[in-house]
Number of protein chains: 2
Amino acid sequence: MTPKLHLHIDERSGVPVYRQMMDQIKYYVAGATLRPGDQIPSIRELAAALAVNPTTVVKAYTELEREGVIEKRHGKGAFIAPEAPSLTQAEQEDALRRSAKQLAVEATQMHVPTPKVITVVREELSALGPVRGDESEPVKFAVMVGGH
Amino acid sequence: MTPKLHLHIDERSGVPVYRQMMDQIKYYVAGATLRPGDQIPSIRELAAALAVNPTTVVKAYTELEREGVIEKRHGKGAFIAPEAPSLTQAEQEDALRRSAKQLAVEATQMHVPTPKVITVVREELSALGPVRGDESEPVKFAVMVGGH
DNA sequence: TCCAGTGTTTGATAACAACCAAACAGGCGG
DNA sequence: CCGCCTGTTTGGTTGTTATCAAACACTGGA
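Residues numbered from 1 in each chain as written. Chains lettered and ligands numbered in written order. Predicted model: local features only at pLDDT ≥ 70, side-chain atom pairs only at ≥ 80, totals over all residues. Heavy atoms only, no water.

Draft legend 1. Local environment of the interface of chain A and chain B. Tallying the contact residues gives 49 residues for chain A and 49 residues for chain B. Carbon and sulfur atoms make up 62% of the area that chain A and chain B hide from each other, which totals about 5100 Å². When the buried surface of chain A facing chain B is broken down by residue, A:Leu96, A:Gln109 and A:Met110 rank first, second and third, together holding 15% of it. Put simply, chain A and chain B have six salt bridges between them. In this structure, B:Arg97 and A:Glu124 form a salt bridge, with 3.0 Å as the shortest nitrogen-oxygen distance. Run the count over chain A and chain B and you get 16 residue pairs in polar contact (both at pLDDT 80 or more). Counting residues per element, the ones that place at least two in the side of chain A that touches chain B are helix 1 (17-30), helix 4 (89-109) and helix 5 (114-128) of chain A. (Contact = heavy atoms within 4.5 Å. Buried area = accessible area lost by both parts, 1.4 Å probe. Salt bridge = Lys/Arg side-chain N within 4 Å of Asp/Glu carboxyl O. Polar contact = N/O pair within 3.5 Å; in protein donor to acceptor, adjacent residues only side chain to side chain. Helix = DSSP H or I, 4+ residues; strand = E, 2+ residues; numbered from the N terminus.)

Written as structure tokens, this is what we have:
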């Protein structure tokens, strides 16, 4: 019902916070960590955890609802929609490739050798990897704020 | 004098355009593709190439000048400053790691296996790699607009 | 019934990003 | 001197992002 989530909000990135929230919830749906019926953090709870204004969360949730990803239920909370449209295979690949490209561009411009890039990517994956595994255990929400 | 540059502006990223321009010029300086004295595209030229408003380029250049990275010379153009402060090793690593982390977060949330991630990164690096090599040849500026 | 938690709504403020138009001014070569 | 390139400056408009404050309304359990 309440899988363990990690929302990484990078304020320095320049990407609107509400968009980062939207994207990552969609990624969780795509990865099936969040499934139809699952409850997600309440507006005030998420706002408090991320130290942002509640209206910012409202914006993200409202937009996600407009896209059919979630449902907001007055007095009850917010949930993954029964027929939440998941990202297609192509869209997932696109999202991944966009980030990979951004990385590649920077690395190329700074003349960072490929092996070094790969190493860093592996390190960052490892740093996040151990988190998943026990998806059955109903845990409280863990929201990560961070950037670096 | 005028090395071949590739500025990748991703409008969908949410990152302000003027900031993307600033960052990437700094990366080129860090990678020594751009060296002190090198001329960079004129405001109007870059604006035209990227199809953005000249004032946006002015903003980026003005800020870069404020940071001591470039010098704008009235009537002549813009150049890398004689003592342009390059990113420290740590700052370069941070920048790279920030992008890598973003990639790792997405991959983890979407449950994309590590080998797949590595493959995509290698592909994107390869797609950009062939570009560099002949840094001696004075070529006209090539500015790439793109995102995906 | 009460109450705590939940989503809903409104209006205002502030800062930022980008666009657009137009004019002004320095550098340089023909 | 003229023309064309260059950066400079101004003023305004538009839309977005995020904050803040306050009140209203639904749900469910004690």
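Once you've had a look at it, read on.
Draft legend 2. Spotlight on the protein's contact with DNA strand D. With respect to spatial proximity, 21 residues lie near DNA strand D, and among them A:Val17, A:Tyr18, A:Thr55, A:Thr56 and B:Arg44 are the closest. Sugar and phosphate atoms constitute 65% of the interface atoms of DNA strand D, taking the interface as everything within 4 Å of the protein. A distance of 2.9 Å separates a phosphate oxygen of DNA strand D from a polar side-chain atom of A:Tyr18. Contacts to DNA strand D include B:Ile43, whose backbone N or O atom sits 3.1 Å from a phosphate oxygen. Looking at the surface near DNA strand D element by element, the count peaks at three residues for helix 3 (residues 54-66) of chain A. Grouping the constituent residues of the surface near DNA strand D by class yields six nonpolar, nine polar and six charged. (Near = heavy atom within 4 Å. Nonpolar A, V, L, I, M, F, W, Y, C, P; charged D, E, K, R; others polar.)

Draft legend 3. The protein's contact with DNA strand C, seen in detail. DNA strand C sits among 21 residues. The nearest are A:Arg44, A:Lys72, B:Val17, B:Asn53 and B:Thr56. Close to the protein, within 4 Å, the atoms of DNA strand C belong to sugar or phosphate groups at a rate of 61%. Interatomic distance of 3.0 Å between a backbone N/O atom of A:Ile43 and a phosphate oxygen of DNA strand C. Contacts to DNA strand C include B:His74, whose side-chain N or O atom sits 3.0 Å from a base nitrogen. Listed by contribution, the elements that provide at least two residues to the surface near DNA strand C are helix 2 (43-50), strand 2 (70-73) and strand 3 (77-80) of chain A together with helix 1 (17-30) and helix 3 (54-66) of chain B. Counting residues per element, the surface near DNA strand C draws most heavily on helix 3 of chain B, at three residues. Partitioning the surface near DNA strand C into residue classes produces six nonpolar, nine polar and six charged.

Draft legend 4. Geometry of helix 2 of chain A. Residues and elements named next belong to chain A. When helix 2 is considered as a whole, its buried residues turn out to be Leu46, Ala47 and Leu50. Within helix 2, the buried residues cover an arc of 100 degrees as seen down the axis, which keeps them to one side. Facing away from the buried side of helix 2, by more than 90 degrees, are the exposed residues Arg44 and Ala48. Among the structural elements, helix 1 and helix 3 are those in contact with the buried residues of helix 2. Looking at the residues trailing helix 2, positive phi occurs at Ala51, about 60 degrees. (Buried < 20%, exposed > 50% of the residue type's maximum accessible area, 1.4 Å probe, protein only. Arc of directions from axis to C-beta.)

Draft legend 5. Spotlight on the side chain of A:Gln92. For A:Gln92, the location among the structural elements is in helix 4. The buried category is assigned to A:Gln92, whose relative accessible area is 12%. Residues in contact with A:Gln92, not counting those within four places in the same chain, are A:Ala30, A:Leu87 and B:Met110.

Draft legend 6. Structural view of the sheet that holds strand 1 (residues 39-40) of chain B. All names here are of chain B. Strands sit in the order 1-3-2 across an open sheet of three strands; the sheet is antiparallel. The sheet terminates laterally at strand 1 and strand 2 (70-73), the two strands that pair on one side only. In the sheet, strand 1 pairs with strand 3 (residues 77-80) via two bridges, with the strands oriented antiparallel. The residue of strand 3 that forms the bridge with Ile40 is Ala78. The sheet contacts of helix 3 involve strand 1, strand 2 and strand 3, and relative to strand 2 the element is tilted by about 120 degrees. (Pairing = 2+ DSSP bridges. Axes fitted to C-alpha atoms, helices over the stretch in contact; angles between N-to-C directions.)

Draft legend 7. Up close: the relation of the copies chain A and chain B. Of the two same-sequence chains, chain A is brought onto chain B (RMSD 0.1 Å, axial shift 0.0 Å) by a rotation of 180 degrees. These values place the two chain copies in the arrangement generated by a two-fold rotation axis. Proximity to the rotation axis, assessed at the C-alpha, singles out A:Val15 in chain A; its C-alpha lies 2.7 Å from the axis. When you check the interface residues of chain A against chain B, 100% turn up at the interface there too, and the contact is symmetric in its surfaces. (Least-squares fit on C-alpha atoms with pLDDT ≥ 70 in both.)

Everything listed here is a matter of coordinates, which is why it stays silent on function.
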